Amino acid sequence: MVVRVAYMGIPGSNSEQAATELAGAMGWDVFALIPEEDSRNTVAALDSGEADYGVVASRNVTAGPVMETEESLRGRDDIEILRALWLPIHHCVFVKHPGIEVRRVASHIQALLQTREHLDALYPGTDRVEVSDTAVAAEMLSKGELPEDTAVVCRRNAGEMFNLLMVHENIEDMEGNMTEFQLLRRRT
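Residues numbered from 1 in each chain as written. Predicted model: local features only at pLDDT ≥ 70, side-chain atom pairs only at ≥ 80, totals over all residues. Heavy atoms only, no water.

Caption draft 1: Focus on the pattern of salt bridges. Under the defined criterion, the tally for this structure stands at 16 salt bridges. Across the pair Glu80 and Arg187 runs a salt bridge whose closest N-O atoms are separated by 3.6 Å. Of this pair, Glu80 sits in strand E5 (residues 79-88) while Arg187 sits in the segment after strand E11 (178-186), placing them 107 residues apart in sequence. With its nearest N and O atoms 3.3 Å apart, the salt bridge here joins Lys143 to Glu139. Glu139 gets classed as partly exposed once you look at its relative accessible area, which sits at 23%. The network of salt bridges with common partners includes Asp47, Arg76, Asp78 and Arg186. (Salt bridge = Lys/Arg side-chain N within 4 Å of Asp/Glu carboxyl O. Helix = DSSP H or I, 4+ residues; strand = E, 2+ residues; numbered from the N terminus. Buried < 20%, exposed > 50% of the residue type's maximum accessible area, 1.4 Å probe, protein only.)

In structure tokens:
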């Protein structure tokens, strides 16, 4: 039987990595990852029966609680946490083309918070654009859904997956930056 695991994010996201590691920790040999982009959709996949389990980010050592997860689980005593995993988080900056003058930086709010000091030093005065996931930001830039003068903050593999150019690596403000991810299921 295939275990279906929904996760907040898309391929290339930190949550995808956490979901893979949590599935391994549970000893599941055969599992299917279901990208749901955000916590709300991950919980909805549990509610609808589309997924057997869900993986969400709960808190980060630098930026604190993941508010979208807290809001998605508020008042939900029918969902239990089976396991938690602390995952090291490293952020990179990607652009679409070399030599771009960056006017805005896009990413998930947690990534923007975890890299605020570095971004202020690298791109002073630029606008910050919040999107649903770090890998979604990379995908949007790659597809032209963000202006070409945008830089994105994401995992290295996400930027590479979407054929972007890495201009800075490991820009998290705190050495040892980590996020806790939780494996959820509906109570039976």
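Caption draft 2: Layout of unusual backbone geometry. With a phi angle near 70 degrees, Glu37 is a residue other than glycine that sits in the positive phi range. Turning to its location among the elements, Glu37 is positioned in the loop between strand E2 (31-35) and helix H2 (39-48).

Caption draft 3: Broad picture of helix H6 (residues 134-142). Burial within H6 is extensive, with seven of its nine residues counted as buried. The complete set of buried residues in H6 reads Thr134, Ala135, Val136, Ala137, Ala138, Met140 and Leu141. As for H6, its buried residues are in contact with helix H1 (14-25), strand E6 (92-95), strand E7 (104-107), helix H4 (109-114), strand E9 (150-154) and helix H7 (156-161). Backbone nitrogen of Ala135 and a side-chain oxygen of the N-cap are separated by 2.9 Å at the start of H6; the cap is Asp133. The positive-phi residue at the C-terminal boundary of H6 is Gly144, with phi of around 80 degrees. (Contact = heavy atoms within 4.5 Å. Polar contact = N/O pair within 3.5 Å; in protein donor to acceptor, adjacent residues only side chain to side chain.)

Purely geometric numbers; function is a separate question.
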